[in-house]
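What follows is the residue order along each chain.
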Amino acid sequence: MRSRFEPCRELHIVVLGAGGVGKSCLTAQFVHNEWIESYDPTIEDTYRTQINVDNRQVVLEILDTAGTEQFVAMRDLYMKTGQGFLLVFSITSGSSLGELAQLRDEIIRIKDDENVPIVIVGNKADLEDQRAVPRARAFSISQQWGAPYYEASARTRRNVNEVFIDLCRQMLRKDDISDDVNDDGHDKNDGVYRIGRKKRRRRKDGGTRCVLL
Ligand SMILES: Nc1nc2c(ncn2[C@@H]2O[C@H](COP(=O)(O)OP(=O)(O)OP(=O)(O)O)[C@@H](O)[C@H]2O)c(=O)[nH]1
Ligand SMILES: [Mg+2]
């Protein structure tokens, strides 16, 4: 059973996708509850926020990245440090969905892990009359990738919280599993020895302490 005084976890989220799909707007809505109408291309922005997920306090560090190819060199580094990824496209742009495949391949290669927490987001769902990506197509891709798919709108706030919370849940689950494996590879719960398990990480300090933000 979890202790009431369990220290809160710090989770690193990276928001990725083509330029102009609404990565910054989704992040600003989630963190600050604000809608940004103007388009100011991002170089790189970091947000910190504290939320409650299933009665657990988590500190989120959210990296809002640049959609433009110019800044690709920075990708390797943030893919290494990120623990969960929001892959965002716009339902009004077929090519923006196309760009996600390469990003996902890079994440899996860099992290050397097929089961990285990922959520696929079809943003700008308020622009139904300009839809270029059928819902079924995006859903089928997300199923192939084993990741949940949400249609969202940073403008109307539809599914904004849901995509971040879903990602947090996946990240917490993964974090819990790695905590349940001892340094010698023995699982505390089932005693099974997991050969080649790469992503073990034991918290020696008990995790990050909560600070109310
Ligand atoms: N209608 C509508 N417009 C949106 C939505 N999300 C973002 N936009 C608009 O799309 C434009 C680009 O949004 P950003 O959030 O800056 O896009 P981005 O993905 O961060 O772009 P880069 O920083 O260049 O990678 C802005 O003018 C937003 O107002 C949405 O859900 N609906
Ligand atoms: Mg941006």
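Report follows, based on the coordinates. These figures come from a predicted structure and were not determined experimentally. (Residues numbered from 1 in each chain as written. Chains lettered and ligands numbered in written order. Predicted model: local features only at pLDDT ≥ 70, side-chain atom pairs only at ≥ 80, totals over all residues.)

### A closer look at the overall build of the protein
Next up, step 1: Each helix and strand in the protein was counted, giving five helices and six strands.
Next up, step 2: Counting from the amino terminus, helix and strand elements in the protein follow one another as β-α-β-β-α-β-α-β-α-β-α.
Next up, step 3: By the burial criterion, 32% of the 213 residues in the protein qualify as buried. (Helix = DSSP H or I, 4+ residues; strand = E, 2+ residues; numbered from the N terminus. Buried ≥ 20, exposed ≤ 12 C-beta atoms within 10 Å, placed from the backbone.)

### Observations concerning the nonpolar core
Next up, step 1: Counting residues in each nonpolar core, the largest one holds 41 residues, and the members touching the most others are Leu86, Leu87 and Val88.
Next up, step 2: For this core, the secondary-structure elements that each account for two or more residues are strand S1 (9-17), helix H1 (23-32), strand S3 (56-65), strand S4 (84-90), helix H3 (94-111), strand S5 (118-123) and helix H5 (160-179).
Next up, step 3: Looking at which element gives the most residues to this core, the answer is H5, with six residues.
Next up, step 4: Here Leu87 is in contact with Leu16, Gly17, Leu100, Leu103, Arg104, Ile118, Ile120 and Val121, once residues within four sequence places are set aside. (Core = buried A, V, L, I, M, F, W, Y, C linked by C-beta atoms within 7 Å. Contact = placed C-beta atoms within 7 Å.)

### Considering the pairing of S1
Next up, step 1: Of all nine residues that make up S1, seven are buried, and the element is covered over most of its length.
Next up, step 2: One ladder, built from seven bridges, connects S1 with S3; its direction is parallel. In the sheet register, Glu10 faces S3, and the bridge partner there is Val59.
Next up, step 3: For S1 and S4, the ladder comprises five bridges, and the chain directions are parallel. (Pairing = 2+ DSSP bridges.)

### Some points on the site of ligand 1
Next up, step 1: Gly22, Ser24, Pro41, Thr42 and Gly67 are the nearest of the 24 residues found near ligand 1.
Next up, step 2: Per-element accounting of the shell around ligand 1 gives the leading share, three residues, to H1. (Near = placed C-beta within 6 Å.)

### Re the sheet that holds strand S6 (residues 149-151)
Next up, step 1: If you walk across this open sheet you meet the six strands as S2-S3-S1-S4-S5-S6, and the pairing is mixed. Of all the strands in the sheet, the pair left with one neighbour each is strand S2 (44-53) and S6. The average angle at which neighbouring strand axes cross in this sheet is 25 degrees, direction not considered.
Next up, step 2: One ladder, built from three bridges, connects S5 with S6; its direction is parallel. If you follow Val121 over to S6, its bridge partner there is Tyr150. (Axes fitted to C-alpha atoms, helices over the stretch in contact; angles between N-to-C directions.)

### Some words on the pairing of S5
Within a regular strand, the side chains alternate between the two sheet faces.
Next up, step 1: Most of S5 sits out of view: six of its six residues are buried.
Next up, step 2: With six bridges connecting them, S4 and S5 associate as parallel partners. Note that in S5 the partner of Leu86 across the bridge is Val119.
Next up, step 3: Regarding topology, H3 serves as the crossover connection from S4 to the parallel S5, and that connection is right-handed. (Right-handed = clockwise from strand over helix to strand, strands pointing away.)

### Looking at the environment of Arg135
Next up, step 1: Along the chain, the position of Arg135 falls in helix H4 (residues 135-145).
Next up, step 2: Of the residues examined, Arg135 has 13 C-beta atoms within 10 Å and is grouped as partly exposed.

### Things to note about the environment of Ile110
Next up, step 1: Looking at the secondary structure, you find Ile110 in helix H3.
Next up, step 2: What makes Ile110 partly exposed here is the crowd of 16 C-beta atoms within 10 Å.
Next up, step 3: Each C-alpha atom of the pair Ile110 and Met79 lies 6.8 Å from the other, and the pair is 31 residues apart in sequence.
Next up, step 4: Those residues in contact with Ile110 that lie beyond four places of it in its chain are Asp76, Met79 and Lys80.

### What to know about unusual backbone geometry
Next up, step 1: Despite not being glycine, Asp54 shows a phi value in the positive range, around 50 degrees.
Next up, step 2: Of note, Asp54 is situated in the loop between S2 and S3.
Next up, step 3: Non-glycine residue Asp112 carries a positive phi angle of around 50 degrees.
Next up, step 4: The residue Asp112 is located in the loop between H3 and S5 in this model.

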